[in-house]
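The lines below spell out each chain.
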Amino acid sequence: MPQPRSSQICLSDTPYYHCVSRCVRRSFLCGVDSYSGQSYEHRREWVEQRLLFLSSVFSIDICAYAVMSNHVHVVLHVDVQQVMAWTDSEVVERWHRLHKGTLLTQMFVRGDTLSQGEKLTLDDTIIEYRKRLHDISWLMRNLNEYIAREANKEDECTGRFWEGRFKSQALLDEAALLSCMAYVDLNPIRTKIADTPETSEHTSIKKRLESIKAPITTPSLMSFVGNPRQDMPKGIAFSLKDYCELVDITGRIIRDDKAGHIDHQQQPILQRLGLSDEQWLTLTTEFEKHFCYAAGAEQMMNQFKAHTGHQRIRGMGKAKKLLRCA
C-alpha cells in the first residue's frame, strides 16, 4: 500500500531525496510514439525548463535529473536554512511567481496599508508559504500539474497524465547520494537512447559537462564543492571532475554490456565512499531495484526507520552488502 509522505521524507535524517514520476498513458510523455509515429520529443524541453525554473523559486536544489520517454528522475536537496533566512517579502514574491496568492498577499506586495487583523492573517499565510517553499511535494506538484495541463492541451483531451503520487527515496549518506545521482544520469545510456554522457539529452550530466566546456555557471544545479574542509561552502562534497569521470567510466561499462571493472586510476572517489568496483556498478545500474523508501548504510537506514515509524524497510539486506559505513 502507498505510504504517507511523512513516512518517506524526514529532514532530520537527510536533506537529499530521489523522486520519480511516471506517465500513465500509452502515448509517451516524450520521445516518439511507435504506434502513431507522432513525436513528443519537444516535451522533454518542457519538463527540463520547468524543473530548472522551479529550483529558482523553491529552497530546493537539483543535484541530478533525467527526462525519459515516460518518466522523470530527479535528485533533490532541501535547504531549510535558506528558506528560513528569506524575508517575508521574498517569500511572498517567490510564491507569486507560481500562484496568484491571496488578496492580502497582493495588497502586501503593493504596499497597501493593512489593519491589525489583516496583518495577523497575512503572517499566518506567509508561514504557510515558507513551509511550502521547501516542501518536495509542492515542488513536484508544481512540476507535474504544469506538464499535465500542457500535454492535455496539446493532446486535446482530459484526464490523468501521471501515475498517482510520485515515488520518493531518502538518500541517507554520501554513498547513496552519489550512486543514485550516477544512476539517474546514466538512464539514457542504460536504456540505449544515448551513447555517451555528453549526448544524453535533457539530463543533469550533459548540463554539467557543457558548463565545463564553456565559461558559464549552472546556478540551477547544486554545485560540487570538493573534498570536506574547514569553512565548507554549500554543495556536494566531491569534485565535479571526479564525478564526471566516474559517470563516464561507468557508462562505458554499461554500454559494453559486460561485467568489466573500473580503472584503478579512478579509485579515490570510490575509496572515500567505502565502495568496491562491484558495489558501485550494482548501485548505478540497479538502484531502484534494491531500495524503496530510503537508501543508505544499515545504521542510517535503522535511524530513518525509527524516525518515520516504519516497522521494516525494503533494502536493508542490500544496505548491509552495498552501502557499508566507510
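Only a predicted model underlies this, so the values are computations on that prediction, with no experimental measurement involved.

**So, the side chain of arginine 208**
Move 1: As for its placement among the helices and strands, arginine 208 is situated in helix 9 (residues 204-213).
Move 2: Buried charge without a partner: arginine 208 forms no salt bridge, and the closest opposite charge is aspartate 185, 5.5 Å away.
Move 3: The residues touching arginine 208, leaving out its near neighbours within four places in the chain, are Ile62, Cys63, Met181, Leu221, Met222, Phe224, Ile236 and Leu240.

**Some words on the packing of aromatic side chains**
Move 1: Applying the stated criterion across every chain, the model contains three aromatic pairs.
Move 2: Aromatic pair tryptophan 95 and tyrosine 129: ring centres 5.0 Å apart, planes at 25°, arrangement stacked. Highlighted residues: tryptophan 95 in helix 3 (residues 88-96) and tyrosine 129 in helix 5 (residues 116-132), separated in sequence by 34 residues.
Move 3: A relative accessible area of 2% means that tryptophan 95 is categorised as buried.
Move 4: Taken together, the ring pairs in this structure connect Trp95, Tyr129 and Trp138 into an aromatic cluster.

**Looking at the confidence of the model for the protein**
Move 1: Averaged over every residue, the pLDDT of the protein is 82; residues scoring 70 or more account for 82%.
Move 2: Across the protein, helix 3 holds the top mean pLDDT of 97, while helix 11 (residues 268-273) sits lowest at 60.

**Considerations on the packing of helix 7 (residues 174-185) against helix 12 (residues 277-290)**
Move 1: Running from N to C, helix 7 and helix 12 point in directions that differ by 65°, and their axes come no closer than 8 Å. Every pair of crossing elements has a handedness; the one defined by helix 7 and helix 12 is right-handed. Mapping the contact onto sequence places Ala176, Leu178, Ser179, Cys180, Ala182 and Tyr183 in helix 7 and Trp280, Leu283, Thr284, Thr285, Glu286, Phe287 and Glu288 in helix 12.
Move 2: Tallied by class, the residues present in the contact of helix 7 with helix 12 amount to eight nonpolar, three polar and two charged.

Conventions used here
Residues numbered from 1 in each chain as written. Predicted model: local features only at pLDDT ≥ 70, side-chain atom pairs only at ≥ 80, totals over all residues. Heavy atoms only, no water. Helix = DSSP H or I, 4+ residues; strand = E, 2+ residues; numbered from the N terminus. Buried < 20%, exposed > 50% of the residue type's maximum accessible area, 1.4 Å probe, protein only. Lys, Arg positive; Asp, Glu negative; His and termini not counted. Salt bridge = Lys/Arg side-chain N within 4 Å of Asp/Glu carboxyl O. Contact = heavy atoms within 4.5 Å. Phe/Tyr/Trp six-rings, centres within 6.5 Å; stacked < 30°, edge-to-face > 60°. pLDDT = per-residue confidence, 0-100. Axes fitted to C-alpha atoms, helices over the stretch in contact; angles between N-to-C directions. Left-handed = near helix turned anticlockwise from the far one by under 90°. Nonpolar A, V, L, I, M, F, W, Y, C, P; charged D, E, K, R; others polar.

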